[in-house]
Amino acid sequence: MAIPLSAAKTLAALKAEGLTVHEHAGWATHNRDAATGKPFGPVIGVLIHHTAGHGDKELCYRGRADLPGPLCHSWLGKAEGLWMIGHGRANHAGAVDLDVLDALRAQTRLPHDDEADADGNDCLYGLEIENLGNGRDPYPDAQYRQAVLWAAALCRAHGWSEKSVAGHKEVQPGKIDPSFDMDDFRADVKKQLAAVHTKPGPVTPGAGTASKPRVDLSRLVRAAKTDPGARQGHVTYMAGTNLVEAALVGLGYLGRAFAGDGSFGSTTVAAYAKWQRHLGFTGADANGVPGKVSLTRLGDTSGLFTVVA
Ligand SMILES: [Zn+2]
């Protein structure tokens, strides 16, 4: 889980991986964030699609009458190469299986997708590959190779492994795309990630800590002890509380509706206690008041912050 790359960092990451990148006019501000009121991110992985058509770059930018664009972040043509289509929330994943999202987040083997109970557009980058998807339309070697590089570039930039890569057919029941084998694709991404990076770009790896915001443990502890008993919405430590809540939301411990007001209220305390129990803490060590170990692990796992004690 991590903060989405900026448009500039996305471009840099893709180019550093060896890709030639074309930019659709307007792509860097083309998204569904404002229209839906749901900002894109934190991100947990990348999703691969086939378009089930030909010559559909503009369709992916514009969208359809029933589904506004962008319909992906990048579009990969058979002959036209890789194009940037959107940046931010895109209508590509739709309703997906929360269990599969959890596995992507944890970088474990993906379970079978049998439910559509989460919004995949919140947290996944999407690539649409121009292909009929009927099993008879070949993916030219150069096109497939670019898809591998696209996925590897984003994984590398975030410090993810190939286990953060999924096909649409693996996350949403009823989907069949892409029409190639995703275990093979992940193996190819893994190989690419292991390859020596011959063209280092100005990309800051997601694992780096230099640019991450910091959460002060003692101020956060004060917030967790003060806010629940104070008047509704009392704010002791807004910045730190919001980061911790964003991390708890991203990991599925806190409902989005309870996050972002800067108050470490009783719902946040309960969510934090769940996180502590997840780490194996019990009793008074899992009372919802952050400790150094649990907070450091939360910052690392979410990728959102580092801790100062
Ligand atoms: Zn799809």
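The numbers attached to residues start from 1 for each chain and follow its sequence in the written order. Per-residue local features are limited, in this predicted model, to residues with pLDDT of at least 70; the limit for side-chain atom pairs, both in listing and counting, is 80 or more; totals at the level of whole chains, interfaces and linings are taken over all residues. Note that the side-chain values use all heavy atoms of the structure and ignore hydrogens as well as water.

1. Brief notes about the domain arrangement of the chain
Often the size quoted for an interface is simply the accessible area lost on bringing the parts together.
So, step 1. Domains assigned within the chain are domain 1 (7-194) and domain 2 (214-308).
So, step 2. Each partner contributes to the interface: domain 1 provides four residues, whereas domain 2 provides four residues.
So, step 3. Looking only at domain 1, the three residues that lose the most surface to domain 2 are P42, R105 and D122, adding up to 77% of its buried area.
So, step 4. The partner of D122 in a salt bridge is R256, and the shortest N-O contact between them spans 3.7 Å.
So, step 5. For the purposes of these results, a polar contact is taken to be a pair of N or O atoms within 3.5 Å, where, inside protein, one atom must be able to donate a hydrogen and its partner to accept one; residues adjacent in sequence count only when each atom of the pair is a side-chain atom. If you look at where domain 1 meets domain 2, you find one residue pair in polar contact (both at pLDDT 80 or more).
So, step 6. In terms of residue class, the side of domain 1 that touches domain 2 is built from one nonpolar, one polar and two charged. Residue ranges for the domains trace back to a domain assignment, done automatically or taken from a database. Here a residue-residue contact requires only that any non-hydrogen atoms of the pair lie within 4.5 Å. The buried area of a pairing is the accessible area, by a 1.4 Å probe, that goes missing from both parts when the two are put together, added over both. Salt bridge criterion: a side-chain nitrogen from Lys or Arg within 4 Å of a carboxyl oxygen from Asp or Glu. Under this grouping Gly is polar, as are all residues other than the nonpolar Ala, Val, Leu, Ile, Met, Phe, Trp, Tyr, Cys and Pro and the charged Asp, Glu, Lys and Arg.

2. Some details on the confidence of the model for the chain
So, step 1. Along the chain, pLDDT gives the predictor's confidence residue by residue, from 0 to 100. With 94% of its residues at a pLDDT of at least 70, the chain reaches an overall mean of 92.
So, step 2. Counted against residues more than four places away or in other chains, residues 198-209, with its pLDDT under 50, gives 20 contacts.

3. Observations concerning the sheet that holds strand β2 (residues 45-50)
So, step 1. At least two bridges found by DSSP between two strands is the condition for calling them paired. Helix numbers and strand numbers start at the N terminus; a helix is a DSSP run of H or I with at least 4 residues, a strand a run of E with at least 2. In space, the six strands of this open sheet follow the order β1-β6-β5-β9-β2-β10, with mixed pairing throughout. With partners counted over all chains shown, the strands left at the sheet margins are β1 (21-23) and β10 (165-167), one partner each. For this sheet the average axis-to-axis angle between neighbouring strands, irrespective of direction, equals 25 degrees.
So, step 2. Alignment of strand β5 (residues 74-76) against strand β9 (residues 124-129), held across three bridges, turns out to be parallel. Residue pairing across strands places S74 opposite L127, the latter belonging to β9.
So, step 3. On the sheet, helix α7 (residues 182-194) packs against β2 and β10 and is oriented at approximately 155 degrees with respect to β10. Working convention: axes come from line fits to C-alpha atoms, limited for helices to the stretch in contact. Angles between N-to-C directions cover 0 to 180 degrees.

4. What about the nonpolar core?
Within soluble globular proteins, side chains that are nonpolar tend to cluster in buried spots.
So, step 1. Core analysis: the biggest nonpolar cluster contains 37 residues, and I48, Y125, W150, V165 and F185 have the highest contact counts within it.
So, step 2. Taken together, the elements giving at least two residues each to this core come down to α1 (7-16), β2, β6 (82-84), β9, α5 (141-158) and α7.
So, step 3. Tallying contributions element by element places α5 first for this core, with ten residues.
So, step 4. When near neighbours in sequence (up to four residues on either side) are disregarded, W150 contacts L14, L19, V46, L47, I48, S74, L82, Y125, G126 and L127.
So, step 5. In terms of nonpolar packing, the next biggest core, distinct from the first, is built from 25 residues, L243, Y272, L295 and L298 among them. The set of buried Ala, Val, Leu, Ile, Met, Phe, Trp, Tyr and Cys residues whose side-chain atoms join them within 4.5 Å is what this entry labels a nonpolar core. Working definition: with a 1.4 Å probe on protein chains only, accessible area under 20% of the residue-type maximum means buried, over 50% means exposed, and in between means partly exposed.

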